[in-house]
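# Overview (structure and organization)
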Amino acid sequence: MSSDSRRPRAGACVTCRSRKRRCIPTSIGQACQLCHSLSTPCSLSVVSRPRRIDHGPPPTAENHGANASESEETLGGLASRQLCTELVHLYFRFIHDIPHTVFHEPTFLRRLSDGNAPIIHIYAMCALAARFSDNPVFDDTAPCDRGRVYAAEAVRLCQPYMISPSLETVQAFLLIGYYFSGESNVDGKHIYIGLARLHAERLTCSDNSNAVYQEEYRRGWLSIHVASHWSAWDMAMEPESLAKGPDFLPRIDDATWRSTSAELLTVNNVQDALRCDMWAQMARTLGIFARINTLLRRLSRDMVSFDEYRSQAAQLEASLDQWAENLPPKLAWDFGNLMLLAGRRLGQIYLAMHIGFFHFRQMLFFPFLDARAARKSGPNQAIKCKDSASVVSSILQYSKNIRDCELEYFIYGHIGVVSSCVHLHTLLFSDDFRELSMTRQRLVSNFQYLMTVKSYWPIVEHYTIHLRTFQNSCRDSMSDPFVLDNWMARFLTEHSSLLSERPQAPAQSTVPGTPVAAGRKNGPGNATPALLPTIEFLTSQQGAGNDTSGAPEEFAQSNDLSRLLHDQDITEEALIDSALSWLLDGRYDSSKVTPT
């Protein structure tokens, strides 16, 4: 055997295990054939030695132009001013103010127009936004690969500033950290988010009296806290407490922040009459999110009893409810509010705020899907979990169909996968035909959303593999697959981690004398989708000026999946299996669907 094809360790990669395929290495040994064909990272790849780069002396004001010239030479045509300007605008449309809020858009765009915007920020923004471009220069490059050359250049340019803290370095490190997160590079994300925090700790809000600087400082700290929470859980660490941290709550209203020029911007006299302070509102849920994650892990490790979990969950539910009740009326969850804010280009932030809230609820109530919970607590908590998962599906659908409301960021892929797992519970255990029909639509809608974001972000492939692993345990396990074991807790809380196959629990009930899985439904789903809005109807309700239309082959794939909704001759389990195969492989073969 050629040494080129040896692997660091024996066994199949995560992708091949999840799909139950033979894992065959490529001729150069850098990935298996399946991962190579799908253009996804292979967990058993031979990692080549990184190429050393001579960074030269730290850039100064005098040699900044020389560094820009070097970047242009490295990137070639990708460094053209016109293309970079186009990508920066895409960044502000699809990325900024969704996972983070670190820039004053009017000021940055003015500096970009004047040629004064930091080149590090420009390339980091391009790295995140190139996947959304339809510029012909990217025609031969897959969307998820287009940002790599920009990211490499941004990382190179950052090196000389590692020990020179400034607000610009905080912003640059954050952008690079978010890029690595979307690439499923957990270590890279954690390191760059950590660097952003270290640099921010060396700064104070009083370093500059300018209103833009002070608000970017506050919003930078808030973005660090948000990123640190997600990063800490992926590293199996507790996030740092926010109670003693700096003042990270934004003081300027989001609507004002997005539209008011720097000259008119002050903290005191331009607050929006409708109180669109959604980032400040979201910040108040971070502590609740941390407590939910901690409680889930403690339950999975038998550090608390189920009765203790139920008691603490009730307190966290009250905290979430109190947060929702304290929202200004125009920010409460309501379709009319959504349409009003969407018309003011604030729909994305509004959806991001509420999908976070309902995600926290679906996580909090997830353990109540366990059969033992229904016996001890009644069905109410499980219903709350399903209701929250349904709202998550609705929000993802709204983000696809309402202009300027796109949530095509990878973290919502994880949230959509958790929602889909809740829907699997309904399809496997419910006998209510109307509920089954609605759940079919929500699951297929989630999968259509996941297929879209998977083409942009490599990490979403891992989310779908996690979903397949969970579905396998639902199909193969003799015990209740919704028991919150350690695998399930990691699945819910660690969105970037690679998870192995889920260990099979003993074939016995968690409640002595009662077979937990006995209620699993095997009959056909004789629902009547014609009585309810179809996915075809929902996905066609796009604004006349919405530019979210996809390629013909994408429509064909969606139509293939949507046909499953109307096929009443297959079981719910066959529907799930076929839809997952479509999602993982990007295709659907109706001949492989097993009818009843």
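These numbers come from a predicted model, not from an experiment.

Of the regular secondary structure elements, the protein chain holds 25 helices and zero strands. Counting the 596 residues in the protein chain, one finds 56% classified as buried. Considering only intrachain contacts with a sequence separation of at least 6, the fraction spanning at least 24 residues in the protein chain is 74%. With an accessible surface of roughly 25400 Å², the protein chain has 52% of that area assigned to carbon and sulfur atoms.

Quick look at the packing of helix α16 (residues 347-365) against helix α18 (residues 380-401) now. Viewed as axis vectors pointing N to C, α16 and α18 meet at an angle of 155°, and their least axial separation amounts to 8 Å. By the angle between their directions, the pair α16 and α18 is classed as roughly antiparallel. For the pair α16 and α18, the crossing hand works out as left-handed. Two secondary-structure elements touch here, α16 through Leu 351, His 354, Ile 355, Phe 358, His 359, Arg 361, Gln 362 and Phe 365 and α18 through Gln 381, Lys 384, Cys 385, Ser 388, Ala 389, Val 391, Val 392, Ile 395, Leu 396, Tyr 398 and Ser 399. Here the contact of α16 with α18 is composed, by residue class, of 11 nonpolar, six polar and two charged.

The next thing to look at is unusual backbone geometry. It is generally the case that most residues other than glycine have a negative phi and that most peptide bonds are trans. At Asp 97, a residue that is not glycine, the phi angle is positive and equals roughly 75°. Along the chain, the position of Asp 97 falls in the loop between α4 (81-94) and α5 (105-114). Of note in the backbone geometry, Ser 184 takes a positive phi value of approximately 65° without being a glycine. The residue Ser 184 is located in the loop between α8 (167-182) and α9 (186-201) in this model.

This part covers the confidence of the model for the protein chain. When pLDDT is averaged along the protein chain, the result is 77; 68% of the residues meet or exceed 70. Confidence drops under pLDDT 50 across residues 1-10; counting only partners more than four residues distant or on other chains, this segment forms 17 contacts. Low pLDDT, under 50, characterises residues 587-596; the predicted model gives this stretch 20 contacts beyond four residues in sequence or across chains.

Moving on, we get to helix α13 (residues 286-300). The terminal C-alpha atoms of α13, which comprises 15 residues, lie 22 Å apart, in line with the 21 Å expected from a rise of 1.5 Å per residue. Of all 15 residues making up α13, 11 are buried, and the element is well covered by its neighbours. Those residues of α13 not exposed but buried are Leu 286, Ile 288, Phe 289, Ala 290, Ile 292, Asn 293, Leu 295, Leu 296, Arg 297, Leu 299 and Ser 300. Positive phi shows up at Asp 302, right after α13, with a value of about 60°.

Okay, the packing of aromatic side chains next. According to the stated counting rule, one finds 31 aromatic pairs in the structure shown. Taken together, the ring pairs connect Phe 94, Phe 132, Tyr 178, Tyr 409, Phe 410, Tyr 456 and Trp 457 into an aromatic cluster.

In contact at an axis separation of 11 Å, helix α7 (residues 148-158) and α8 are set at 145° when each is read in the N-to-C sense. Judged by the twist between their axes, the crossing of α7 over α8 is left-handed. Where α7 approaches α8, its residues Arg 148, Ala 151, Ala 154, Val 155 and Cys 158 are matched on the opposing element by Ala 172, Phe 173, Ile 176, Tyr 179 and Phe 180.

Note on soluble globular proteins: their nonpolar side chains tend to be buried together. Tyr 91, Ile 122, Tyr 123, Tyr 150, Tyr 412 and Trp 457 are the most contacted members of the largest nonpolar core, which totals 146 residues. Per-element tally for this core: the top contributor is α16, with 12 residues. Setting aside anything within four residues of it in sequence, one finds Tyr 412 in contact with Ile 98, Ala 352, Ile 355, Leu 396, Leu 407 and Tyr 449. Ranked by size, the runner-up nonpolar core spans eight residues in total, among them Cys 13, Cys 23, Leu 34 and Cys 42.

A side chain of one charge can pair with a side chain of the opposite charge if their charged atoms are brought near each other. As enumerated under the stated definition, the model contains 18 salt bridges in all. Its salt-bridge partner being Arg 156, residue Glu 153 comes within 2.6 Å of it at the nearest N-O pair. Linking Glu 153 with Arg 156, this pair stays in helix α7, spanning three residues, or about one helical turn. The class for Glu 153 is buried, based on a relative accessible area of 3%.

A few words on the side chain of Gln 348. The topology assignment puts Gln 348 in helix α16. Assessed through its relative accessible area of 5%, Gln 348 is described here as buried.

For Gln 471, the location among the structural elements is in helix α21 (residues 459-476). For Gln 471, a relative accessible area of 6% translates into the label buried.

On to the environment of Val 444, then. Among the structural elements, Val 444 can be located in helix α20 (residues 433-454). Once the C-alpha coordinates of Val 444 and Ser 393 are considered, the two residues, 51 residues apart in sequence, prove to be 9.7 Å apart.

What counts, and where the lines are drawn
Residues numbered from 1 in each chain as written. Predicted model: local features only at pLDDT ≥ 70, side-chain atom pairs only at ≥ 80, totals over all residues. Heavy atoms only, no water. Helix = DSSP H or I, 4+ residues; strand = E, 2+ residues; numbered from the N terminus. Buried < 20%, exposed > 50% of the residue type's maximum accessible area, 1.4 Å probe, protein only. Contact = heavy atoms within 4.5 Å. Areas by Shrake-Rupley, 256 points an atom, 1.4 Å probe, with all protein chains shown as cover. Axes fitted to C-alpha atoms, helices over the stretch in contact; angles between N-to-C directions. Parallel < 35°, antiparallel > 145°, perpendicular 65-115°, else oblique. Left-handed = near helix turned anticlockwise from the far one by under 90°. Nonpolar A, V, L, I, M, F, W, Y, C, P; charged D, E, K, R; others polar. pLDDT = per-residue confidence, 0-100. Expected span 1.5 Å × (residues − 1). Phe/Tyr/Trp six-rings, centres within 6.5 Å; stacked < 30°, edge-to-face > 60°. Core = buried A, V, L, I, M, F, W, Y, C linked by side-chain atoms within 4.5 Å. Salt bridge = Lys/Arg side-chain N within 4 Å of Asp/Glu carboxyl O.

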